[in-house]
Amino acid sequence: MAISVLVLSERIAGEHPEATFELLGKGSKLAKQLGGELAVAVAGTDYPVQELGGADVILELAGLEAGAYAAPIWEAGVAAAIAASSPRVVLMSTGTVGLDLGGSLATRFGGQLASYVIDLDVDGEEILATAQLYGGKMLAEVALDSFICFATVIPGSFPADDGRSTGSPRVERIEVGEKPKAVAMAIREPETGGVDITAAPMLVSVGRGIGSSDNLELVQELADALKVPLSASRPVIDSGWLPKPHQVGKSGKKVKPSIYLSFGISGAPEHLEGMRNAEMIIACNTDPGAPIFEVAHFGTTVDLFDLVPELTERFGG
Ligand SMILES: Cc1cc2nc3c(=O)[nH]c(=O)nc-3n(C[C@H](O)[C@H](O)[C@H](O)COP(=O)(O)OP(=O)(O)OC[C@H]3O[C@@H](n4cnc5c(N)ncnc54)[C@H](O)[C@@H]3O)c2cc1C
């Protein structure tokens, strides 16, 4: 059976990123619709193979080191995988690697590219992509009909669990020919500041509605009572009230906690991009027309300065 969908695993170091499993889950459905197989391209040979059971085929990009990412070298590697497998659709995430390579690979193979994609489907001969414009303020429905199509998908658009499977894909080695001269100097991990808001099962999140840094103590006490981290919208970070690792959103972290408690956050598209996939969103905002209520499962227009101390007392602060 021919390969119809190729997912690029953007593992630069350590484990496969969540986004890879999200793409494998969606890629598997697309491959079935297209009547072909799902392949995943992986840099190097030292990776947890068994975790990629969601794919039918693993294309090992020999000669590429996961820990030494340099865009021109990876582009040569992924191009070799595409040339060897001739997929109809190539999926990458809208992350460092996907943003680096999506445009240049689409140009190299003469295919159409949809960026900032949040959904994909097959309609006859066309691949339908729903893509964000203007930071999510508008959505575009795009029909891709080139013989090879590329999509960079926003992380969090599909459930990662759909792509986690313990199958036993066959492994094919792709020899990457002559590589451009580029040297990866070092990989710098972003500072966590001692807090990883992406791993927390629950977050207390605060926005500009808190008014000033002096009032932060109020929400910090609630977070402490619940034993969860404090996260925030961008204005809180830009004002220097909390450090950058606490920021949720487009230019911050994407979070998916079981419960996201938001206080004084309006729900701008750039913020929603980082938290709309939380399992339960509870919003407190005095403006009943605030867009956060469009994604919230529960909401209240009670003043946060009245509600937060009550909750802290209730949860044992
Ligand atoms: C390229 C780009 C990237 C961006 N990236 C991000 C990002 O990563 N994360 C992010 O968050 N934003 C980001 N932004 C900014 C984003 O557009 C919004 O400006 C920001 O999210 C607004 O933050 P906020 O909701 O805290 O503030 P506001 O929009 O000012 O909302 C404050 C809310 O508090 C409510 N409120 C006021 N007083 C109270 C009270 N006493 N009790 C209860 N509610 C009250 C108000 O009704 C209001 O809705 C980005 C923007 C751009 C252009």
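The rules behind these values
Residues numbered from 1 in each chain as written. Predicted model: local features only at pLDDT ≥ 70, side-chain atom pairs only at ≥ 80, totals over all residues. Heavy atoms only, no water. Pairing = 2+ DSSP bridges. Helix = DSSP H or I, 4+ residues; strand = E, 2+ residues; numbered from the N terminus. Axes fitted to C-alpha atoms, helices over the stretch in contact; angles between N-to-C directions. Near = heavy atom within 4 Å. Polar contact = N/O pair within 3.5 Å; in protein donor to acceptor, adjacent residues only side chain to side chain. Areas by Shrake-Rupley, 256 points an atom, 1.4 Å probe, with all protein chains shown as cover. Buried < 20%, exposed > 50% of the residue type's maximum accessible area, 1.4 Å probe, protein only. Right-handed = clockwise from strand over helix to strand, strands pointing away.

Undergrad: Describe the sheet that holds strand 13 (residues 280–284), naming the residues involved and giving the relevant values.
TA: Strand order in the open sheet made by the 5 strands is 11-10-12-13-14, with parallel pairing throughout. A strand with exactly one partner marks an edge of an open sheet, and here the two such strands are strand 11 (230–232) and strand 14 (298–300). Strand-to-strand twist of the sheet, defined as the mean angle between neighbouring strand axes without regard to direction, takes the value 20 degrees. By the bridge criterion, 3 bridges tie strand 10 (residues 202–206) to strand 11 in an arrangement that is parallel. By the bridge assignment, S205 is partnered in strand 11 with S231.

Undergrad: Describe the site of the ligand, naming the residues involved and giving the relevant values.
TA: Around the ligand, the surrounding shell holds 25 residues, and the nearest of these are S233, Q247, S251, S266 and N285. Here an oxygen atom of the ligand sits 2.5 Å away from a polar atom, N or O, in the side chain of S233. At a separation of 2.7 Å, an oxygen atom of the ligand approaches a polar side-chain atom of S266. For the ligand, whose unbound accessible area comes to 990 Å², protein coverage reaches 73%. Of all the secondary structure elements, the ones that give two or more residues to the shell around the ligand are helix 5 (234–238), helix 6 (269–275) and helix 8 (304–314).

Undergrad: Could you give an account of the pairing of strand 1 (residues 3–8), with specific residues and numbers?
TA: In terms of burial, strand 1 is a largely internal element, 6 of the 6 residues being buried. Across 5 bridges, strand 1 lies against strand 2 (residues 37–43) in parallel orientation. From the neighbouring strand, I3 faces strand 2, where its bridge partner is E37. After leaving strand 1, the chain enters helix 1 (residues 18–34) and then returns to the sheet as strand 2, a path that is right-handed. For strand 1 and strand 4 (residues 89–93), the ladder comprises 3 bridges, and the chain directions are parallel. Its bridge partner lying in strand 4, V5 is registered against V89.

Geometric values such as these leave the question of function open.
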